[in-house]
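# Structural features, examined
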Amino acid sequence: MLDVVDGALTNRRRFHSADDGRADGLCVDSAGNVWVALNRVGRVRLYSPDAEILTEISLPVRLVTACTLGGEDGRDLFVTTSREKLEDPEPEAGAVFRIRVDVPGRPVLPYAG
C-alpha cells in the first residue's frame, strides 16, 4: 500500500518493467487497467491492475508519446505521436490516432477549484 509520510511517498513498488521501448504517457480505464505509450517502438500496451499484459497495439510510427480515453462513450483511445528530431520522419509521425477499445475510461471529474 502506497503511503505518504512527511510529504514523501513510501512503500513504493515497480508496477512493470517494459522490456522494450520507453514508457511515456499513460492513462487508466474504468476497470483499473493501465494503458501505456511505449516510445521508440511504436506501441501502446494494456496492463491489468496486477501488471499482466492484456494486449498490445502497434502503430505505424516509432515515437508514441501519450494516450488517453475519451469520446462520446469513453471508448476511444487517443494516441499522440511525435516527429521531433527524426532525420527521416515517417509519413504519419506527429499524428493523433484513434482506436476503439472495449473498456471505457473513467468519468471526468469537475474541477474543484
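Structure first, text after, so check above.
Below is a summary of the structure that appears in this document.

About the thresholds
Residues numbered from 1 in each chain as written. Predicted model: local features only at pLDDT ≥ 70, side-chain atom pairs only at ≥ 80, totals over all residues. Heavy atoms only, no water. Core = buried A, V, L, I, M, F, W, Y, C linked by side-chain atoms within 4.5 Å. Buried < 20%, exposed > 50% of the residue type's maximum accessible area, 1.4 Å probe, protein only. Helix = DSSP H or I, 4+ residues; strand = E, 2+ residues; numbered from the N terminus. Contact = heavy atoms within 4.5 Å. Pairing = 2+ DSSP bridges. Axes fitted to C-alpha atoms, helices over the stretch in contact; angles between N-to-C directions.

### Re the nonpolar core
One finds Trp 35, Val 44, Leu 59, Cys 67, Leu 77 and Val 79 to be the most contacted residues of the largest nonpolar core, which totals 19 residues. Secondary structure elements with two or more residues in this core: strand S4 (34–39), strand S5 (43–47), strand S7 (64–70), strand S8 (76–81) and strand S9 (96–100). In this structure, Val 79 is in contact with Val 44, Leu 59, Val 64, Ala 66, Cys 67, Ala 95, Val 96, Phe 97 and Ile 99, ignoring residues within four places of it in sequence.

### Let's talk about the pairing of S9
Burial along S9 is one-sided: the residues Phe 97 and Ile 99 are buried and none of Val 96, Arg 98 and Arg 100 is. Relative to S9, S8 runs antiparallel, the two being bridged by five bridges. Within S9, the position partnered with Val 79 by the bridge is Phe 97.

### Things to note about the sheet that holds S8
The sheet built from three strands is open, its strands ordered S7-S8-S9 with antiparallel pairing. Two strands lie at the open edges of the sheet, namely S7 and S9, each paired on one side alone. The average undirected angle you get between the axes of adjacent strands in this sheet is 20 degrees. Here six bridges tie S7 to S8, and the two strands are oriented antiparallel to one another. Residue Leu 69 lies in a different strand from S8, and its bridge partner there is Leu 77.

Structural measurements only, silent on function.
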